[in-house]
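# Survey of secondary and tertiary structure
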Amino acid sequence: MNVVCLHRQRKMDSLSRMTKPYDYLFGPVPSRRLGRSLGVDLIPFKTCTMDCAYCQLGETTCPVSERGDYVPMQDVLAELDRWWKNDGQADHITLAGSGEPTLHTHFGDVFRWVKENTEIPSVLLTNGTLMHNANVRADAVLANKVKVTLSAWDEASFQQIHRPAQGVSFELLVKGEQAFRSEFSGELSVEVFIIEGVNSHVFDVRKIAEVVKSIHPDRVDINTAVRPPADPSVKAAREEHLHALAELFGPNASVAATFKRQGFESIEISQEALLGLIKRHPATCKQLADEFNLPSDKMYKTLKSLVATGQLREDKSGLETCYFHRA
């Protein structure tokens with residue numbers, strides 16, 4: 001092979017390595033609080049400790065609480081190495097995605113890799129159900145920022161909203177999150193998900209607020225169903241009502257259930273990256289256009305192309321069409 005051909009082959013090999021799809025990474029995704037966040041997904045689709053009525057990914061057919069090596073950690077770390085060498089541009093690296101990340105026995109290895117190889121802050125998004133496990137807490141404290149969930153006030157409301165796996169209880173959830181707060185010096189936030197008519201009454205939300213205050217979070221995010229939920233009976237609370245409820249949690253609470261432009265320049269995203277994002281976060285055309293600060297007609301054209309090729313499916317049951325990944 002002559003020098004020109006050899007140079008061309010090396011260039012093609014390098015490009016191939018850069019464009020090879022990721023199995024466990026997605027994004028970076030623009031986020032109002034996290035900037036451009038690279039997602040790391042360690043759990044097979046809808047493998048979770050709960051079957052939340054409001055989940056945007058749909059029903060958890062078999063909730064589990066047993067931890068295991070759900071995906072090969074060496075492959076995840078290899079993808080992070082490749083991303084770091086070929087791109088490495090993100091404001092945060094976030095453990096989240098298709099299920100409950102703390103179910104993976106070695107999820108802490110992701111945070112160790114981030115600390116050893118980068119100066120990028122790491123984030124854990126978890127429902128908090130396994131925080132009663134000391135091993136889970138020991139790995140979770142390696143993150144710079146952690147967000148947990150607390151949307152109920154007793155066992156009955158917990159069962160109604162979250163439909164947990166056997167052995168997962170409201171008491172364990174609260175005790176685990178309280179124990180984690182006592183061990184974690186980073187930024188801890190709590191997401192409170194409001195379902196209209198279920199946990200939206202002021203009387204009930206006051207009780208949720210009292211439990212949340214016992215965890216002493218740095219921030220409280222009030223959310224509601226802005227994407228089609230697993231249970232079609234779940235209804236979103238009105239934005240003005242959410243703002244009123246936020247006041248019950250104190251000055252560190254705010255409404256997170258909004259989709260505004262993130263203050264970024266337009267971000268071009270490949271169809272492959274868009275599919276990876278929608279697989280974990282179904283969304284409407286407007287939500288995606290706003291998140292990437294792109295014209296709606298341009299995003300719509302891309303989405304319709306992916307629908308036409310059978311890679312996405314549409315849900316037109318709500319006020320706006322929502323796009324889901326087609327397995």
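What comes next is a walk through the structure. From a predicted model like this one, the values you see are computed outputs, not experimental measurements.

## Some words on the layout of surface pockets
There is about 1,100 Å³ of room inside the second largest pocket. Looking at the lining of the second largest pocket, the elements that each hand over two or more residues are helix H8 (239-246), helix H9 (271-280), helix H10 (285-291), strand E10 (312-315) and strand E11 (322-325). Considered class by class, the residues forming the lining of the second largest pocket number 20 nonpolar, 9 polar and 11 charged.

## What to know about the packing of aromatic side chains
Evaluated as defined, the whole model comprises 5 aromatic pairs. Residues tryptophan 83 and tryptophan 84 carry aromatic rings whose centres are separated by 6.2 Å and whose planes lie at 40 degrees to one another, so their mutual orientation is tilted. Look at tryptophan 83 and you get buried, because its relative accessible area is 2%. On the accessibility criterion, tryptophan 84 (32% relative accessible area) is partly exposed. Between phenylalanine 107 and phenylalanine 111, the aromatic rings sit 6.2 Å apart at their centres with planes inclined by 90 degrees, giving edge-to-face as the arrangement. Like phenylalanine 107, the residue phenylalanine 111 is buried in the burial classification. Note that arginine 313 overlies the ring of phenylalanine 324, its terminal NZ or CZ placed 4.6 Å from the centroid.

## Brief notes about the packing of H9 against helix H11 (residues 296-308)
Contact geometry of H9 with H11 gives a least axis separation of 11 Å together with a crossing angle of 80 degrees. Judged by the angle between their axes, H9 and H11 are roughly perpendicular. Here Gln271, Leu274, Leu275 and Ile278 of H9 lie close against H11, whose contacting residues are Met299, Thr302, Leu303, Ser305 and Leu306. Here the residues of the contact of H9 with H11 are counted per class, giving 6 nonpolar, 3 polar and no charged.

## What to know about the sheet that holds strand E9 (residues 283-284)
One open sheet holds the 3 strands; their spatial order is E9-E11-E10, and the pairing between them is antiparallel. Strands at the two margins of the open sheet, each flanked by one partner only, are E9 and E10. Across 2 bridges, the pairing between E9 and E11 is antiparallel. Counterpart to threonine 284 in the pairing with E11 is cysteine 322. Contacting E10 and E11, H9 runs over the sheet at an angle of about 100 degrees to E11.

## Details of the packing of helix H2 (residues 73-86) against helix H3 (residues 108-117)
Packing of H2 against H3 leaves a shortest axis separation of 10 Å and a crossing angle of 30 degrees. Between H2 and H3, the angle falls in the class roughly parallel. Between H2 and H3 lies a crossing whose hand is right-handed. Taking contact as the criterion, the partners of Met73, Val76, Leu77, Leu80, Asp81 and Trp84 in H2 are, on H3, Asp109, Val110, Trp113 and Asn117. For the contact of H2 with H3, the residue count by class is 7 nonpolar, 1 polar and 2 charged.

## Overview of helix H7 (residues 202-213)
At 3.6 residues per turn, the α-helix brings residues three or four places apart onto the same side. For H7, spanning 12 residues, the distance from its first C-alpha to its last is 16 Å, which sits close to the expected 16 Å at 1.5 Å a residue. All of the buried residues along H7 are Asp204, Val205, Ile208, Ala209, Val211 and Val212. Seen end-on, H7 carries its buried residues on one side only, within an arc spanning 160 degrees. In H7, the exposed positions that point more than 90 degrees away from the buried face belong to Phe203 and Glu210. Looking at the buried side of H7, the elements it contacts are helix H6 (170-183), strand E6 (187-193), strand E7 (219-223) and H8.

Rules used in this analysis
- Residues numbered from 1 in each chain as written.
- Predicted model: local features only at pLDDT ≥ 70, side-chain atom pairs only at ≥ 80, totals over all residues.
- Heavy atoms only, no water.
- 1 Å grid on protein atoms, 1.4 Å probe; cavity = no way out; pocket = protein on both sides within 12 Å on 5 of 7 lines; lining within 4 Å.
- Points joined across faces, edges and corners; volume = space filled by probe spheres on them.
- Helix = DSSP H or I, 4+ residues; strand = E, 2+ residues; numbered from the N terminus.
- Nonpolar A, V, L, I, M, F, W, Y, C, P; charged D, E, K, R; others polar.
- Phe/Tyr/Trp six-rings, centres within 6.5 Å; stacked < 30°, edge-to-face > 60°.
- Buried < 20%, exposed > 50% of the residue type's maximum accessible area, 1.4 Å probe, protein only.
- Lys NZ or Arg CZ within 6 Å of the ring centre and 35° of its normal.
- Axes fitted to C-alpha atoms, helices over the stretch in contact; angles between N-to-C directions.
- Parallel < 35°, antiparallel > 145°, perpendicular 65-115°, else oblique.
- Contact = heavy atoms within 4.5 Å.
- Pairing = 2+ DSSP bridges.
- Left-handed = near helix turned anticlockwise from the far one by under 90°.
- Expected span 1.5 Å × (residues − 1).
- Arc of directions from axis to C-beta.

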